[in-house]
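Geometric and topological summary
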Amino acid sequence: MSVQYQRPSAAFIGASWLALFAGVLTYCYGLWNADEKAMMLNERGYYFTVLMYGLFSAVSLQKSVRDRLEDIPVTGLYLGLCWVSLGMALLLLGVGLWNASLVPSEKGFYAIAYVLSLFAAIAVQKNTRDMKAADEAGA
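All values reported here derive from a predicted model rather than from experimental measurement.

**Quick notes on the pattern of salt bridges**
Counted by the stated rule, this structure contains eight salt bridges. The residue Lys126 makes a salt bridge to Asp130 at a minimum N-O spacing of 2.4 Å. Here Lys126 and its partner Asp130 are both found in helix α4 (residues 104-137), four residues apart, which amounts to about one turn of the helix. Measuring nitrogen to oxygen at the nearest pair gives 2.7 Å for the salt bridge that ties Lys132 to Glu136. Note that Lys132 and Glu136 are positioned in helix α4 at a spacing of four residues, about one turn of the helix.

**Structural notes on the packing of helix α2 (residues 41-69) against α4**
For the pair α2 and α4, interaxial distance at closest approach is 9 Å and the crossing angle is 35 degrees. The handedness of the crossing between α2 and α4 comes out as right-handed. Residues Val50, Leu51, Gly54, Leu55, Ala58, Val59, Gln62, Lys63, Arg66 and Asp67 of α2 form the contact with α4, whose participating residues are Tyr114, Ser117, Leu118, Ala121, Ile122, Gln125, Lys126, Arg129, Asp130 and Ala133.

**Concerning the nonpolar core**
One finds Tyr27, Tyr47, Tyr110 and Tyr114 to be the most contacted residues of the largest nonpolar core, which totals 30 residues. The dominant element in this core, judged by the number of residues it contributes, is α4, at seven residues. If we skip the residues at most four places from it in the chain, Tyr47 touches Tyr27, Leu31, Met39, Leu93, Gly96, Leu97 and Ala100.

**With respect to the environment of Gly108**
Tracing the backbone through its elements, the reader meets Gly108 in helix α4. Look at Gly108 and you get partly exposed, because its relative accessible area is 29%. Along the sequence, Gly108 and Leu97 sit 11 residues apart, while their C-alpha atoms lie 8.8 Å from each other.

**So, α2**
With 29 residues, α2 should cover 42 Å at 1.5 Å per step; its first-to-last C-alpha distance of 42 Å lies within 8% of that length. Phi turns positive, to about 60 degrees, at Asp71, one or two residues after α2.

Rules used throughout
In this numbering scheme, every chain counts its residues from 1 along its sequence in written order. Totals for whole chains, interfaces and linings use every residue, but because this is a predicted model, local features are given only for residues with pLDDT of at least 70 and side-chain atom pairs only at 80 or more, for both listing and counting. With hydrogens and water set aside, each side-chain value is computed from the structure's full complement of heavy atoms. Criterion for a salt bridge: a side-chain nitrogen of Lys or Arg within 4 Å of a carboxyl oxygen of Asp or Glu. Note on conventions: DSSP H or I runs of at least 4 residues are helices, E runs of at least 2 residues are strands, and numbering of each starts at the N terminus. Note on method: axes are straight lines fitted to C-alpha atoms, helices fitted across the in-contact stretch only, with angles between N-to-C directions ranging 0 to 180 degrees. Helix crossings fall into two classes, left-handed where the near helix is turned counterclockwise from the far one by less than a right angle and right-handed where it is turned clockwise. Contacts are assigned to residue pairs with any non-hydrogen atoms lying within 4.5 Å of each other. Put simply, buried Ala, Val, Leu, Ile, Met, Phe, Trp, Tyr and Cys residues joined by side-chain atoms within 4.5 Å make one nonpolar core. Classification of residues uses two cut-offs on accessible area relative to the type maximum, computed with a 1.4 Å probe and protein chains only: under 20% is buried, over 50% is exposed, and between them is partly exposed. Multiplying one less than the number of residues by 1.5 Å gives the expected span of a helix.

As structure tokens, then:
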């Protein structure tokens, strides 16, 4: 079965990158400006690490799923680890926010910026693969 890829539009590519930058920069801006009494430096490091882990695991999962669709070998173990990693990243953020001494609006801010960042990272990765596949197919 041959899969044909259409080159994503410039608007979708731009929107994906804008969403990625908006999510990551907003999340990091919130960490940078957090009140030192409400969030100590080690907590900021935790949330930043969870963001980086989430971005990596989301992109890795998207790549693994796409590779399987294109009949590129991906072991079940690696695909399972990708799913577990993404789940762990979300769980770590959730547990961290649940136990944080932040007001609910701040917790929501971090959760939304985080989810936006993960979604946008997946969209950027998909666009990158679609553009490469379309170029190779001569589209």
